[in-house]
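Fold and contact review
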Amino acid sequence: MTGMRTALRALATAAAAAALLAGAVVSPAPAQARPEPTAPREFVALRSVDPTIIQEMRYTTAHTFLGERVDGYRQPVCILTRPAARALHLAQRRLLRQGYSLKVYDCYRPQRAVDHFVRWAEDLEEQSMKGEFYPRVGKDRLFQDGYIAERSGHSRGSTVDLTLVRLPALPTRPYRPGERLTPCFAPRGERFPDNSVDMGTGYDCFDTLSHTDDPRIQGTQRANRQFLKRTLAEVGFVNLPEEWWHFTHRPELFPDTYFDFPVALGSVAGH
């Protein structure tokens, strides 16, 4: 009888141990944060290729057509494919000899930022920055008129938004949220100050006056646009006719890939 009791106790102990083990196996492991994607080796920080190019990365600030910082822009750094960055370096060398510098507003743009643009455009009630960036365009027409799309060439890494600055130049003053808005196509002395040369409109101006060859843009403004376009064409960039500031380096390394790694130095660490 004692042997029977001993055997039963052993079985009970074994069963309890098995139950504990089963519980350990079934219980889910603590959730791990998914690592952020990083850029392929072909991407670099522009500053590592040419530190003289001025960077005013607008989408890390509230001075955007959304009125807030854009998703995915962690740090104010320009990231591009290496061929595009090297081409900008060549253009910059030529411009410096003439007393000018390039200034970039936006470079690689993650898909999550484009998704942010789309969500904003679908919210017809949110129009806090209309007075500056799209005063003559109904927000319900932004998709139809081509100002907003679900994909952007910027996400492929070889497209850049930029302008020219006459040297020496003081930095552009910071935007103060809530300040009075002036149309982006107003005379230079009235619209938001920018240390660049006068291109006839501000950056990201949703208006046909932003078309590079709009016939209403004449004189010095037209000459400045053509100077920028000609200089970048010489190093392989093609202008988007609807936006004087928008250029794509050809051939693109990733013509069919839309990346989503964040805009941060960590995305190109070691490249």
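Residues numbered from 1 in each chain as written. Predicted model: local features only at pLDDT ≥ 70, side-chain atom pairs only at ≥ 80, totals over all residues. Heavy atoms only, no water.

1. Examining the environment of Leu 90
Its location among the elements puts Leu 90 in helix 3 (residues 82-97). The partly exposed category is assigned to Leu 90, whose relative accessible area is 39%. Sequence spacing of Leu 90 and Glu 234 is 144 residues, and the spatial spacing of their C-alpha atoms is 9.4 Å. (Helix = DSSP H or I, 4+ residues; strand = E, 2+ residues; numbered from the N terminus. Buried < 20%, exposed > 50% of the residue type's maximum accessible area, 1.4 Å probe, protein only.)

2. Considerations on the pairing of strand 5 (residues 159-166)
By the criterion of burial, strand 5 is predominantly enclosed, with seven of the eight residues buried. By the bridge criterion, six bridges tie strand 4 (residues 100-106) to strand 5 in an arrangement that is antiparallel. Across the sheet, residue Tyr 100 finds its bridge partner in strand 5, namely Arg 166. By the bridge criterion, three bridges tie strand 5 to strand 7 (residues 246-249) in an arrangement that is antiparallel. (Pairing = 2+ DSSP bridges.)

3. Points about the sheet that holds strand 2 (residues 54-55)
An order of 2-4-5-7-6 is seen for the five strands of this open sheet, with the pairing classed as mixed. Strands at the two margins of the open sheet, each flanked by one partner only, are strand 2 and strand 6 (237-239). Bridge analysis of strand 6 against strand 7 gives three bridges, and the strand direction is antiparallel. By the bridge assignment, Asn 239 is partnered in strand 7 with Phe 247. On top of the sheet, helix 3 reaches strand 4, strand 5, strand 6 and strand 7; it is set at about 145° to strand 4, its chief contact. (Contact = heavy atoms within 4.5 Å. Axes fitted to C-alpha atoms, helices over the stretch in contact; angles between N-to-C directions.)

4. Topic: the side chain of Arg 156
Its location among the elements puts Arg 156 in the loop between helix 5 (130-133) and strand 5. Among the polar contacts made by the side chain of Arg 156, one reaches the side chain of Glu 252 at a distance of 2.9 Å. Those residues in contact with Arg 156, other than ones at most four positions away along the chain, are Phe 43, Thr 81, Glu 252, Phe 254, Pro 255, Asp 256, Thr 257, Tyr 258 and Phe 259. (Polar contact = N/O pair within 3.5 Å; in protein donor to acceptor, adjacent residues only side chain to side chain.)

5. Structural notes on helix 4 (residues 111-122)
Since one α-helical turn is 3.6 residues long, residues separated by three or four positions face the same way. The end-to-end C-alpha distance of helix 4, which contains twelve residues, comes to 17 Å, matching closely the 16 Å that a straight helix rising 1.5 Å per residue would cover. The element helix 4 is largely enclosed, with a buried count of nine among its twelve residues. (Expected span 1.5 Å × (residues − 1).)

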